[in-house]
Amino acid sequence: MKQTKSTPKISTLEAVIVLLVVLGIMSLGVIGFGLSPQVPVLLAMGVVTAWAMLRGFPWSAVNAGIKEGIDQGIIPIFIFILIGAMISTWIAAGTIPTLMVIGFKLINVQWFLPSVFIVCTLVGAAVGSAFTVTSTVGIAFFGMGVTMNLNPALVAGAIISGGIFGDKLSPLSETNNLASAVVDTDLFAHIKHLLWTTLPAGLISLGLFAVLGHDNTSTSLAKIHQTVAVLNGNFTVSALALLPIVLVFVCAGFKMPAIPTMLLNIFVSAGLILFEQPQTTMTKLTAIINTGFVSKTGNASVDTLLSRGGIVSMMSMVALIVVTLSLGGLLMKFGLIGQIMTPVAKHLTSDGKLITAGIITCIGVNVFVGEQFLSIILPGRAFKQAFNNGGLDNQSLGRVLEDGGTVINYLVPWGVGGVFLTTTLGVPTIQYLPFVFFSLLCPVISIISGFTGIGLAHVHQTKPAKLHQAAELN
């Protein structure tokens, strides 16, 4: 934050103390006491506000910080609302039940986890959203995995890893577009450069899921047959029910943005419900969209799995986004994060140190703030000049922002991604975290790339000359 006569000067030590208090409140509340993250984040926000007032910041700065933070999340908030409506309409229209039935017939149970990973990767690359993958086909795969008595956390790990991998390969991905914009590089050049870390991480993840998921001796075929019978008897299982999925790929082919794609999909899914179930009233249809679908098959496991979705189900996510973005806006407005990041960035000149510091900072923003977009924006601004001074091209910084920022948010219990996945799949973040191999591998491979020089993009000027300039500046 730029200092003025009326702006209190914050020391690095003070910034560290405040950030540690924030982290302590959120980790103790979410991990220690098992609370929903909204309240601990709100409490942390209150502590930061109280500190700011005691330090002499005007209330107008608090208001401005909150507003500037929330402004960045308006579109994601609306997308989450649409995802809630998509989940409920896809279940009611028979789309997810049909996917489950087809999956049980086509996917070899002995290779279930690698199959899930591959399919989620393909769908993620098509739609450009790990959130959409998890909340649609992911629910179907999760139901299949639970039916086969697989570890729910392991199944969630395969779904999430595949969805994130596909997201990183897609030009429709919001985070890909954001990261390329922050570092001022071409979108497709950015995605191509990501392959140096995402492709190895994806292949290693596939191998791990193949090893861990190959021996399914506890699989109960009788339970699978029973679940298929319940789905066939209570839902419209047909080729027509797959129309919403086909529509997703068609929209992706025309490079249609996420919001119009989702709105069109919800409209078509609602039309399918009315076509397949003519007795459905508009009141019931709007209730499905608003409050979610309620399964009443009589089978407890199926009813638990498929009673979900609706706009209302996303309101806790919306609240979390609002408070995390508000907290991030305050931390940025008062210069707490910048006070730590900027000095560090200026004194890093070697490739390995720059990459490592960038990765750690992106992870740190995820942990302290819990918001995916801010984990890209804040480190991107802080490290851009340092990367250029060190001879690294903007593409290298863009990859760091993805490997340490985007993919890690899904592993933070109070992060927007972590809470969304826990809410959607019903598996706590701490439980599925060890199995999201893709997200765990990306930062490691990125750091290795930094120290070995493999896959790093440098500017046209020679590296020694740039390092000499950086040394002179510091």
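Rules used in this analysis
- Residues numbered from 1 in each chain as written.
- Predicted model: local features only at pLDDT ≥ 70, side-chain atom pairs only at ≥ 80, totals over all residues.
- Heavy atoms only, no water.
- Helix = DSSP H or I, 4+ residues; strand = E, 2+ residues; numbered from the N terminus.
- Rg over C-alpha atoms; globule rule 2.2 N^0.38 Å.
- Buried < 20%, exposed > 50% of the residue type's maximum accessible area, 1.4 Å probe, protein only.
- Contact = heavy atoms within 4.5 Å.
- Areas by Shrake-Rupley, 256 points an atom, 1.4 Å probe, with all protein chains shown as cover.
- Lys, Arg positive; Asp, Glu negative; His and termini not counted.
- Charge placed at Lys NZ, Arg CZ, Asp CG, Glu CD.
- Patch = residues over 30% accessible without salt bridge, like charges linked within 9 Å, V, L, I, M, F, W, Y side chains within 5 Å.
- Salt bridge = Lys/Arg side-chain N within 4 Å of Asp/Glu carboxyl O.
- Phe/Tyr/Trp six-rings, centres within 6.5 Å; stacked < 30°, edge-to-face > 60°.
- pLDDT = per-residue confidence, 0-100.

*Asks:* Help me out: how do you make sense of the overall build of the protein in this one?
*Replies:* Tallying secondary structure elements over the protein gives 25 helices and 0 strands in all. In terms of overall size, the protein behaves like a compact globule, its C-alpha atoms giving a radius of gyration of 23 Å where 474 residues would be expected to give roughly 23 Å. Across its three principal directions, the C-alpha atoms of the protein cover 75 × 50 × 40 Å. In the protein, which comprises 474 residues, the share counted as buried stands at 58%. Across the protein, every contact between residues at least 6 apart in sequence was considered, and the portion connecting residues at least 24 apart equals 79%. When the accessible area of the protein is evaluated, it comes to approximately 18700 Å², of which 70% is carbon and sulfur surface. Taking the 21 positively charged and 16 negatively charged side chains of the protein as two groups, their mean positions are separated by 5 Å.

*Asks:* It is not clear to me how a nonpolar patch on the surface should be interpreted in this structure. Could you clarify?
*Replies:* Where nonpolar side chains cluster on the molecular surface, the patch consists of L240, L243, V246, V250, F254 and F275 and spans about 610 Å² of accessible area. Examining the composition of the nonpolar patch, we find that 3 residues originate from one element, helix α13 (residues 243–253), more than from any other. Mapped onto the elements, L243 comes out in helix α13.

*Asks:* I keep staring at the packing of aromatic side chains and nothing clicks. Help me out?
*Replies:* Note on aromatic pairs: each is described by the distance of the centres and the angle between the planes. Applying the stated criterion across every chain yields a total of 13 aromatic pairs. Ring geometry for F117 and F209: centres 5.7 Å apart, planes at 35 degrees, overall tilted. Taken as a pair, F117 in helix α6 (residues 112–127) and F209 in helix α11 (residues 187–212) lie far apart in primary sequence, 92 residues in all. Comparing F117 with F209 shows no difference in burial state: the two are buried. Taken together, the ring pairs connect F117, F165, F209, F435, F437 and F438 into an aromatic cluster.

*Asks:* So what exactly am I meant to see when it comes to unusual backbone geometry here?
*Replies:* Despite not being glycine, N149 shows a phi value in the positive range, around 65 degrees. Although it is not a glycine, D184 sits at a positive phi angle of roughly 60 degrees. D184 sits in the exposed class, given a relative accessible area of 55%.

*Asks:* Before we go on, may I ask you to explain the confidence of the model for the protein in this structure?
*Replies:* The predicted coordinates of low-pLDDT regions are not to be read in fine detail. In this model, the protein carries a mean pLDDT of 85, and residues with pLDDT of at least 70 account for 92%. In the predicted structure, residues 1–5 sits below a pLDDT of 50 and forms 10 contacts with residues beyond four places in sequence or in another chain. Note that pLDDT drops below 50 for residues 461–474; the model gives that stretch 19 contacts with residues more than four away or on any other chain.

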